[in-house]
Amino acid sequence: ASVIERERLRRESMEIELLRRTDALRAALLSSVSHDLRTPLSSIKAAASSLLQEDVQWDEETRRSFAVAIEREADRLNRLVGNLLDMTRIEGGALKAEKELYPLEELIHDVVGHMQLLLQDRAVCFSIPNDLPPVELDYLQIDQVLTNLIENAVRYTPADTPIEIAAQVVDEQIMVSIADHGPGIPPEDLERIFDKFYRVSGATGRGTSTMGSGLGLAVCRGLIEAHGGQIWAENRPGGGAIFRFTLPLKVTEGQTHG
Ligand code: ADP
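Reading the values: rules and limits
Residues numbered from 1 in each chain as written. Predicted model: local features only at pLDDT ≥ 70, side-chain atom pairs only at ≥ 80, totals over all residues. Heavy atoms only, no water. Helix = DSSP H or I, 4+ residues; strand = E, 2+ residues; numbered from the N terminus. Axes fitted to C-alpha atoms, helices over the stretch in contact; angles between N-to-C directions. Left-handed = near helix turned anticlockwise from the far one by under 90°. Contact = heavy atoms within 4.5 Å. Pairing = 2+ DSSP bridges.

J.: Explain unusual backbone geometry here, please?
T.: Where the residue is not glycine, phi is negative for most of them; where a peptide bond is considered, it is trans in most cases. Not every positive phi belongs to a glycine, and Asp171 is a case in point at roughly 50°. Inspection of the secondary structure assignment puts Asp171 in the loop between strand S4 (163-170) and strand S5 (173-179). In this structure, Phe197 is a non-glycine residue whose phi angle is positive, near 70°. Along the chain, the position of Phe197 falls in the loop between S5 and helix H6 (216-226).

J.: What is the right way to look at the packing of helix H5 (residues 139-155) against H6 in this model?
T.: When two helices pack together, their arrangement is given by the angle between the helix axes and the distance between those axes. Contact pair H5 / H6: the axes reach a minimum separation of 9 Å and the direction vectors enclose 150°. H6 is crossed by H5, and the crossing has left-handed handedness. Two secondary-structure elements touch here, H5 through Gln141, Ile142, Gln144, Val145, Asn148, Leu149 and Asn152 and H6 through Gly216, Leu217, Val219, Cys220, Leu223 and Ile224.

J.: Is there a simple way to explain the sheet that holds strand S2 (residues 124-127) in this structure?
T.: Sheet strands pair by backbone hydrogen bonding; their relative direction is either parallel or antiparallel. Within the open sheet, the five strands sit side by side as S2-S4-S5-S7-S6. Their pairing is mixed. Here the strands that pair on one side only, and so sit at the sheet edges, are S2 and strand S6 (231-235). Going from strand to strand, the sheet's axes swing by 20° on average, the running direction of each strand aside. Contacts between H5 and the sheet are confined to S4, S5, S6 and strand S7 (241-248), with S7 contributing the most and set at about 170° to the helix.

So this is what it looks like as structure tokens:
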């Protein structure tokens, strides 16, 4: 009986430990993102209230700028919530890539299309060969990866510099890269930026103090690994950062995690 009792206690204490860890993760997530959630919400609320103000006649251009602000901030909220959900799934081991053979070029153009509000007049150059083979991927997850990488390239680089998106076949894999002409990444942080909540200290991105929770790249890594690929960052010889990820062209059994 005492063996059974001991086993029961052991199992209970393991369960408590698991709950404690989940709770700690939740608390960290909550405190890190509540500010990030509130900033776009305040902007949305302010723009909507202005539009509804009955004693002011806004001209067409001003009305439009409020509507644009609402849409842009709602997009931002959507990306943040997407990252949060993915992070929770990755941490909980519940992430599954629902893969289908898909032309990557089309996905890249879809993502860039959805991001027009953020990109504004930013020059985006593509270097994608016409004969790029389709690849097995989870559309929504790779959309999230590209969105996070492009958002960073916009956020951490000057507005008048272009973003270059390339894809090519390398060793039975497709390699995608997103390159910018910003400040690049301190060499000692090239690996750590993929840790959750990690942000380069003293980074001078536009609005860095009010934006970003340090989740984007951690989510990218989790999603790419669930595809059996790899993701890493490099500094460009001429200045700027380049983020690369690979997706295997030949998916072997057992490569889908989760
Ligand atoms: P967040 O952008 O929310 O801080 P991320 O995980 O997306 O979180 O990025 C982590 C950090 O990596 C950023 O805070 C920034 O310091 C750095 N970083 C990411 N992308 C770039 C880039 N293109 N150029 C320079 N620094 C970058």
